[in-house]
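Analysis of the macromolecular model
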Amino acid sequence: MTIGIDKIGFATARYQLSMADLASARNTDPNKYSIGLMLDRLSIAPITEDIVTLGAAAAEKILTDEDKATIDMVIVASESSIDQSKAAAVFVHGLLGIQPFARSIEMKEACYSATAGLNYAKLYVSANPQSKVLVIASDIAKYGIKTSGEPTQGAGALAMLVTAQPRIIAFNDDNIAQTRDVMDFWRPNYSVTPFVQGMFSTKQYLDSLKTVWTEYQKRQNLSLEDFAAFCFHIPYPKLANKGLNKLMDKTLDDKVRAQLQEHFDSSIHYSRQVGNIYTGSLYLSFLSLLENAQSLQAGDRIGFFSYGSGAVSEIFSGNLVDGFKNMLGDSQQKELDQRKLISVPEYEMMFFEEADLDQDGNASFIDYDTHTFVLDSIVEHQRRYKRR
Ligand code: HMG
């Protein structure tokens, strides 16, 4: 039985910040962002757009009524949780109208958790071949204003439907994971923004890639020539590009090198315009590859490098399925271009706004633009969502 991704959808916030504007406000050479980090724009989510609204919007784009009547598990992977107890997946399940006899849970391990979600979905479908599992990777990446991480923020969600006989990509059973207990990036419960050891985190990312890749090659007896493309977790595209260069040693055939680089450029096309969306960013890179690469073919093996600070990393692969192009919807580009451009002061006000709760736990919000769903109000500490 083959198991993999049958459908994939993406949603991001309706507002965007230009990196050139941010550079000017921070007295920084704009080339540092556009060339040094390879970022052009960032998605900015207002307070009424959160991991629930983004996740539900991404799923709504791909699900039919029949899917909603048959999905039997909803997994939301996130590190931007809106509740310490209730899973975001329960809100998403309700907003989408998924049939009641489904399991709904939330998973966390920094930017790695969507990969754990896909693994759980794969195991579940292998035991229950008729099942459909909805895996959502949804995050809002926030760093402090004027910190070195600020230009690497972003917001967005990927929704993936995992089934048997998938129509986009079939997973191979070749996952190699690694855990190392490091403090490169973390966010204690009392802090809205993370603590980051920036340079140390980039070293951990690249060194994890190297060690997991070495083990992967040893155990799977595969080399880079076996891959048509490699997708990476993308905190910012320049680091992923360094990752690709780490995999491509001097002995690599020039034709293979050129193809991997061309496909890599397609895979960062959307991230350049969205920023870091934490656990969804690896899967945004996959969607970007699918929608923007010219020479991908059914049967091609795609590699995935998942990295979540803390740190857990994993390499695995899948093969594109015959007819995969028919499963892609409209390109994301139109929606990305339609986002409203906001100024730096507007971004600073909007992105870091917090709910102004009264003594009974009620709050209302400005009518910001959001995707398909909106956080409408908070009533006695309960978040109330609705379709727009
Ligand atoms: P920085 O201050 O931008 O570092 O911080 P920099 O001064 O070294 O500049 C960055 C690059 O821009 C360098 O390129 C400069 O040379 C270049 P490199 O040497 O690396 O090739 N540059 C220029 N290029 C052209 N024209 C110029 C110019 N000036 C400089 N004028 C840092 C970078 C990553 C530390 C910062 O962005 C940060 O703290 N980011 C947040 C942490 C992060 O993204 N870490 C990545 C690995 S950890 C991870 O991926 C997990 C994560 O997603 C979270 C999770 O798992 O939940 C973050």
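Before reading on, note that the structure itself is shown above.
Attention here is on the structure that accompanies the text. It should be emphasised that the depicted structure is a prediction, and the values quoted were computed from it without experimental measurement.

Some remarks on the nonpolar core
Within the largest apolar cluster, 83 residues are counted, with the highest numbers of intra-cluster contacts made by Ile44, Leu96, Leu134, Phe230 and Phe232. The element that contributes the greatest number of residues to this core is helix α3 (residues 51-60), accounting for 7 residues. If we skip the residues at most four places from it in the chain, Phe230 touches Trp213, Leu224, Leu247, Leu260, Gly303, Phe304, Phe305 and Ile315. Ranked by size, the runner-up nonpolar core spans 45 residues in total, among them Ala114, Val125, Ala293 and Phe316.

Regarding the sheet that holds strand β18 (residues 382-387)
Read across the sheet, 3 strands follow the order β16-β17-β18 without closing on themselves; strand pairing throughout is antiparallel. Looking along the sheet, the strands with just one partner apiece sit at the ends: β16 (363-364) and β18. Sheet strands in contact with α3 are β17 (373-379) and β18, and its direction is about 150° off that of β17. Along the sheet, helix α5 (residues 88-96) contacts β17 and β18; its crossing angle with β18, the most-contacted strand, is approximately 30°.

Description of the environment of Glu380
Here Glu380 lies in the loop between β17 and β18. The exposed category is assigned to Glu380, whose relative accessible area is 52%. Not counting chain neighbours up to four residues away, the residues in contact with Glu380 comprise Asp360, Gly361 and Asn362.

Topic: the pattern of salt bridges
A complete count under the given rule lists 18 salt bridges for this structure. With its nearest N and O atoms 2.9 Å apart, the salt bridge here joins Lys68 to Glu60. Of the charged contacts in the structure, one is a salt bridge between Arg180 and Asp207, with a shortest N-O distance of 3.0 Å. Residue Arg180 is found in the loop between β9 (176-179) and β10 (185-186), and its partner Asp207 is found in helix α7 (residues 198-220); the two are separated by 27 residues along the sequence. Judged by relative accessible area, Asp207 falls into the partly exposed class, the value being 31%. Linked through salt bridges whose partners overlap, the residues forming this network are Lys7, Asp67 and Lys132.

Here we look at the environment of Gly55
Residue position: Gly55 is located in helix α3. The spacing of Gly55 and Val92 is 37 residues in sequence and 7.1 Å in space, taken between C-alpha atoms. Look past the residues within four positions of Gly55 in its chain and what remains in contact with it is Ile136, Ser138 and Ala157.

Some remarks on the layout of surface pockets
Approximately 830 Å³ is the volume found for the second largest pocket. If you go around the second largest pocket, you meet 39 residues; those closest to its centre are Ser148, Gly149, Thr152, Gly198 and Tyr236. Listing elements by their share of the lining of the second largest pocket, those giving two or more residues are α2 (30-37), α7 and α8 (237-247). Among the residues forming the lining of the second largest pocket, the class breakdown is 17 nonpolar, 13 polar and 9 charged.

What about empty space enclosed by the protein?
All chains considered together, the criterion is met by 1 cavity of 30 Å³ or more. Looking at the largest cavity, its volume works out to about 60 Å³. The greatest single-element share of the lining of the largest cavity, amounting to 4 residues, is contributed by helix α6 (residues 113-127).

A short note on the packing of aromatic side chains
One pair of aromatic rings is described through two measures. These are the centre distance and the angle between the planes. Per the counting criterion, the structure on display carries 22 aromatic pairs. Centre to centre, the rings of Phe171 and Phe316 are 6.1 Å apart; their planes meet at 75°, and the pair counts as edge-to-face. One end of the pair, Phe171, is in strand β8 (residues 169-171); the other, Phe316, is in strand β14 (residues 312-320), and 145 residues separate them in sequence. Here Phe171 matches Phe316 in class, with each residue buried. Ring geometry for Tyr216 versus Phe227: centroids 6.2 Å apart, planes at 50°, classification tilted. Residue Tyr216 is found in helix α7, and its partner Phe227 is found in the loop between α7 and β12 (229-232); the two are separated by 11 residues along the sequence. The pair formed by Tyr216 and Phe227 is uniform in burial state, with each residue classed as buried. An aromatic cluster is defined as three or more aromatic residues linked by ring pairs; in this entry it consists of Tyr205, Trp213, Tyr216, Phe227, Phe230, Phe232, Phe264, Phe305 and Tyr307. The cationic tip of Lys86 hangs over the ring face of Phe91; the distance from NZ or CZ to the ring centre is 4.4 Å. The lysine or arginine in question, Lys142, covers the ring of Phe351, its NZ or CZ lying 5.0 Å from the ring centre.

The rules behind each value
Numbers given to residues run from 1 along each chain, matching the order in which its sequence is written. Owing to the predicted nature of the model, reporting of local features is limited to residues with pLDDT of at least 70; listing and counting of side-chain atom pairs is limited to 80 or more, with chain, interface and lining totals taken over all residues. Side-chain calculation: all heavy atoms of the structure are included, whereas hydrogens and water are not. Among buried residues, those of type Ala, Val, Leu, Ile, Met, Phe, Trp, Tyr and Cys that are joined through side-chain atoms within 4.5 Å constitute a nonpolar core. Remark: exposure states derive from per-residue accessible area (1.4 Å probe, protein chains only) relative to the maximum for the residue type, with buried under 20%, exposed over 50%, and partly exposed in between. Secondary structure elements follow DSSP: runs of H or I of four or more residues count as helices, runs of E of two or more count as strands, with numbering from the N terminus. In this analysis, two residues are considered to be in contact whenever any of their non-hydrogen atoms come within 4.5 Å of each other. For two strands to be treated as a pair, DSSP must find no fewer than two bridges joining them. Only the stretch in contact is used when a helix axis is fitted, and all axes are lines through C-alpha atoms; the angle between N-to-C directions ranges over 0 to 180 degrees. The rule for a salt bridge is simple: a side-chain nitrogen of Lys or Arg has to be within 4 Å of a carboxyl oxygen of Asp or Glu. A cavity here means a set of points on a 1 Å grid, drawn over the protein atoms and nothing else, where a 1.4 Å probe fits but cannot get out; a pocket is an open set with protein on both sides within 12 Å along at least five of seven lines, and a residue lines either one if it has an atom within 4 Å of a point. Grid points are joined across faces, edges and corners, and a volume is the space filled by probe spheres set on the points. Classification convention: Asp, Glu, Lys, Arg as charged; Ala, Val, Leu, Ile, Met, Phe, Trp, Tyr, Cys, Pro as nonpolar; all other residues, Gly among them, as polar. A pair of aromatic rings is counted whenever rings of Phe, Tyr or Trp (Trp by its six-membered ring) have centres within 6.5 Å, and the orientation is called stacked for planes under 30 degrees apart, edge-to-face for over 60 and tilted otherwise. Cation placement over rings: the criterion is NZ of Lys or CZ of Arg within 6 Å of the ring centroid and within 35° of the ring normal.

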